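As a plain string of letters, each chain reads:
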Amino acid sequence: MNKTVICPGSFDPVTLGHLDIIKRAATMFDRVIVGVLVNSSKTPCFSIEERIEFLKEVTKDMENVEVVSFAGLLAEYCRQRNVDAIVKGLRAVSDFEYEFQMAITNKKLNPHLETIFLMADSDSMYLSSSMVKEVASMGGDISNFVPQCICSRIEKRIAKLQNKED
Ligand code: ADP
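Described in the following lines is the structure provided in the data block. (Residues numbered from 1 in each chain as written. Predicted model: local features only at pLDDT ≥ 70, side-chain atom pairs only at ≥ 80, totals over all residues. Heavy atoms only, no water.)

1. Let's talk about the overall build of the protein chain
Item 1. In terms of helices and strands, the protein chain carries 6 helices and 5 strands.
Item 2. In the protein chain, the succession of α and β elements from N to C terminus is β-α-β-α-β-α-β-α-β-α-α.
Item 3. In summary, the protein chain has a C-alpha radius of gyration of 16 Å against a globular reference of 15 Å for 166 residues, a match within 12%.
Item 4. Dimensions along the principal axes, computed over C-alpha positions, put the protein chain at roughly 50 × 35 × 30 Å. (Helix = DSSP H or I, 4+ residues; strand = E, 2+ residues; numbered from the N terminus. Rg over C-alpha atoms; globule rule 2.2 N^0.38 Å.)

If you want it as structure tokens, here you go:
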């Protein structure tokens, strides 16, 4: 059966933890949509275009992966695109409560929609986009946290933002 899943998130910026989940989903399902959420209540560090560009670059060899942006309700977007399931990475126990709540809400909004959790890899268990931004803003090495091909662009962009704030 042809199964389409979505990996939603802010990806501000994409980390090795996100990429691990996308790669694993791409081996398990026929089609993977990476959905970058346009969220007006959050102020992202990277523009939607930059986040999409990074994601496209790091998934370019994965033929069944598509990168899109979406606004509004995820459950509604999934209905429009005939998505069968949401795939999310689960890090420490602290992720669980919120994710459980989201999964139940999405199922109520769209009863056909399942949420599937993949356990985070032990190497990226404590990795988050905010941690990457914090380390980079203090001049730290982020090469173990983000895909190599976008590492220097992330560092430069964050350094530029820092200079503006000084
Ligand atoms: P963050 O929490 O880093 O800001 P996002 O909102 O972009 O991340 O998260 C999108 C999805 O990616 C969520 O399902 C989240 O659980 C998952 N994810 C984020 N970081 C990791 C990681 N290090 N390992 C596994 N999954 C992750």
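From this point, the discussion proceeds with the structure in view.
2. Topic: the side chain of T59
Item 1. Here T59 lies in the loop between α2 (48-58) and β3 (65-71).
Item 2. Other than its neighbours up to four places away in sequence, T59 contacts L19, I22, V65 and V67. (Contact = heavy atoms within 4.5 Å.)

3. A few points about the environment of K23
Item 1. Looking at the element boundaries, K23 is found in helix α1 (residues 16-28).
Item 2. Of the residues examined, K23 reaches a relative accessible area of 44% and is grouped as partly exposed.
Item 3. When the C-alpha positions of K23 and F11 are compared, they lie 15 Å apart, and in sequence the two are 12 residues distant. (Buried < 20%, exposed > 50% of the residue type's maximum accessible area, 1.4 Å probe, protein only.)

4. Remarks on the site of the ligand
Item 1. Within the structure, the ligand sits among 15 residues, and F11, G89, R91, S124 and L127 are positioned closest to it.
Item 2. L127 has a polar backbone atom sitting 2.9 Å from a nitrogen atom of the ligand.
Item 3. For the ligand, an oxygen atom lies 3.0 Å from a polar atom in the backbone of S129.
Item 4. Mapped onto the shell around the ligand, the elements with two or more residues apiece are β1 (4-9), α1 and β4 (85-90).
Item 5. Counting residues per element, the shell around the ligand draws most heavily on α1, which supplies 3 residues.
Item 6. Residues that form the shell around the ligand fall into these classes: 5 nonpolar, 8 polar and 2 charged. (Near = heavy atom within 4 Å. Polar contact = N/O pair within 3.5 Å; in protein donor to acceptor, adjacent residues only side chain to side chain. Nonpolar A, V, L, I, M, F, W, Y, C, P; charged D, E, K, R; others polar.)

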